[in-house]
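Structural description and commentary
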Amino acid sequence: MTPHERRAALEQIGAEVSACTACRLHEGRTRAVPGEGDPNTEVVFVGEGPGFNEDREGRPFIGRAGGLLERMLGSIGWQREDVFIANVVKCRPPDNRDPEQDEMDACAPFLRRQLEVLDPAVVVTLGRFSMAAFRPGARIGAVHGSTAPVDPASGAGDALTFSMYHPAYALRNPAVERESFEDMAKVPGVLLQSRERRAAAGSAAPTTTMTTAPAAAAPAALAPVAASAIASLSAAEQAADDASQLTLF
Ligand code: SF4
């Protein structure tokens with residue numbers, strides 16, 4: 001698929017999303033949020049669903065959580081325009097509640113088609129629901145910062161998935177924010193790893209010149225994480241998983 005064809009295919013999916021009435025979430029939306037980014041990227045970030053600002057603007061991750069995501073991308077020398085950003089559900093759940101299973105099922109074909117078009121080397125999931133779409137049964141407190149092969153049925157034919165906390169949760173928890181910067185620092189290495197897998201499998205050559213140099217350290221402005229904070233995070237893993245979904249955006 002040429003870059004032009006890829007862009008056209010993504011625009012077609014976006015147009016279908018904007019007109020979609022396949023689940024109840026269309027009733028309360030201001031604008032659907034199909035996703036945006038570089039059609040030729042090697043890395044796709046997948047969040048959970050639009051929030052208040054995203055619903056108004058029709059763009060993903062533009063609020064405070066989006067600001068943090070951009071800072072984390074900046075810490076590895078990337079900009080949001082270098083990647084593609086999408087969500088598991090494309091319309092805002094009322095009052096930012098969790099998306100329900102039938103809503104995620106109804107919306108899944110859009111993300112699958114986007115991944116088929118983009119053919120990314122890496123799918124970075126942000127939060128528990130997007131992680132569950134690629135690593136069923138996993139717990140984010142246990143697997144954040146780690147990779148797994150992507151099931152080709154997801155649409156990403158030959159990719160690694162990398163799990164991260166949702167930036168909105170990181171905004172409310174300095175220990176998680178610190179860990180999220182550390183997780184993000186691993187992403188260029190995951191891209192290199194996936195490129196090597198794809199080359200060995202005879203898959204497509206890299207389509208970008210995204211830097212994979214070692215990432216900068218987390219910003220000095222972030223307070224060091226006390227060992228006790230890490231310990232309590234581990235002990236409260238399930239609570240964190242739950243809390244991360246209470247006010248996502
Ligand atoms: S959330 Fe997805 S399936 Fe539901 S109405 Fe919006 S685009 Fe359609």
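Reading the values: rules and limits
- Residues numbered from 1 in each chain as written.
- Predicted model: local features only at pLDDT ≥ 70, side-chain atom pairs only at ≥ 80, totals over all residues.
- Helix = DSSP H or I, 4+ residues; strand = E, 2+ residues; numbered from the N terminus.
- Expected span 1.5 Å × (residues − 1).
- Buried ≥ 20, exposed ≤ 12 C-beta atoms within 10 Å, placed from the backbone.
- Arc of directions from axis to C-beta.
- Contact = placed C-beta atoms within 7 Å.
- Near = placed C-beta within 6 Å.
- Nonpolar A, V, L, I, M, F, W, Y, C, P; charged D, E, K, R; others polar.
- Pairing = 2+ DSSP bridges.
- Core = buried A, V, L, I, M, F, W, Y, C linked by C-beta atoms within 7 Å.

**A few points about helix α3 (residues 64-75)**
In this model α3 runs 17 Å from its N-terminal to its C-terminal C-alpha over 12 residues, within 8% of the 16 Å that 1.5 Å per residue would give. Among all positions in α3, only A65, G66, L69, M72 and L73 are buried. Here the buried residues of α3 occupy an arc of 120° about the axis, which is enough to place them on one side. Contact partners of the buried residues in α3: α7 (167-171) and α8 (174-185). Backbone geometry just after α3 places G77 at a positive phi near 85°.

**Here's the deal with the site of the ligand**
Surveying the vicinity of the ligand reveals 14 residues, the closest of which are C20, C23, H26, C91 and C107. The biggest single contributor to the shell around the ligand is helix α4 (residues 101-118), with 3 residues. The residue inventory of the shell around the ligand, partitioned by class, reads 10 nonpolar, 2 polar and 2 charged.

**Description of unusual backbone geometry**
Positive phi, normally seen in glycine, also occurs at D95, with a value near 55°. Counting through the fold element by element, D95 comes out in the loop between β3 (84-87) and α4. Even without a glycine there, the phi angle at N96 is positive, about 60°. Here N96 shows up in the loop between β3 and α4. The exposure class of N96 is partly exposed, given the 18 C-beta atoms found within 10 Å.

**Here's the deal with the pairing of β3**
Residues F84 and A86 line one face of β3 and the alternating positions I85 and N87 line the opposite face, and both faces are buried. Here strand β1 (residues 36-37) runs beside β3; their pairing, made up of 2 bridges, is antiparallel. Paired with G37 across the two strands is F84, which belongs to β3. Bridge count for strand β2 (residues 43-47) against β3 is 4 bridges, and the pairing is parallel. Note that in β3 the partner of F45 across the bridge is I85.

**Digging into the nonpolar core**
Within the largest apolar cluster, 59 residues are counted, with the highest numbers of intra-cluster contacts made by V44, V46, V88, V122, V123, V124 and V187. Per element, the largest residue contribution to this core is 8 residues, and it comes from α4.

**Digging into the pairing of β2**
Among the 5 residues that make up β2, 5 are buried, leaving the element largely enclosed by the rest of the structure. Here β2 shows no split at all, with V43, F45 and G47 on one side and V44 and V46 on the other all buried. Across 4 bridges, the pairing between β2 and strand β4 (residues 122-126) is parallel. Following the sheet pairing, F45 is matched in β4 by V124.

**Some details on the sheet that holds β4**
If you walk across this open sheet you meet the 6 strands as β1-β3-β2-β4-β6-β5, and the pairing is mixed. What marks the edges here is a single partner per strand, and that holds for β1 and β5 (147-149). In terms of strand pairing, β5 meets strand β6 (residues 160-164) through 3 bridges, oriented antiparallel. Within β6, the residue paired with A148 across the bridge is T161.

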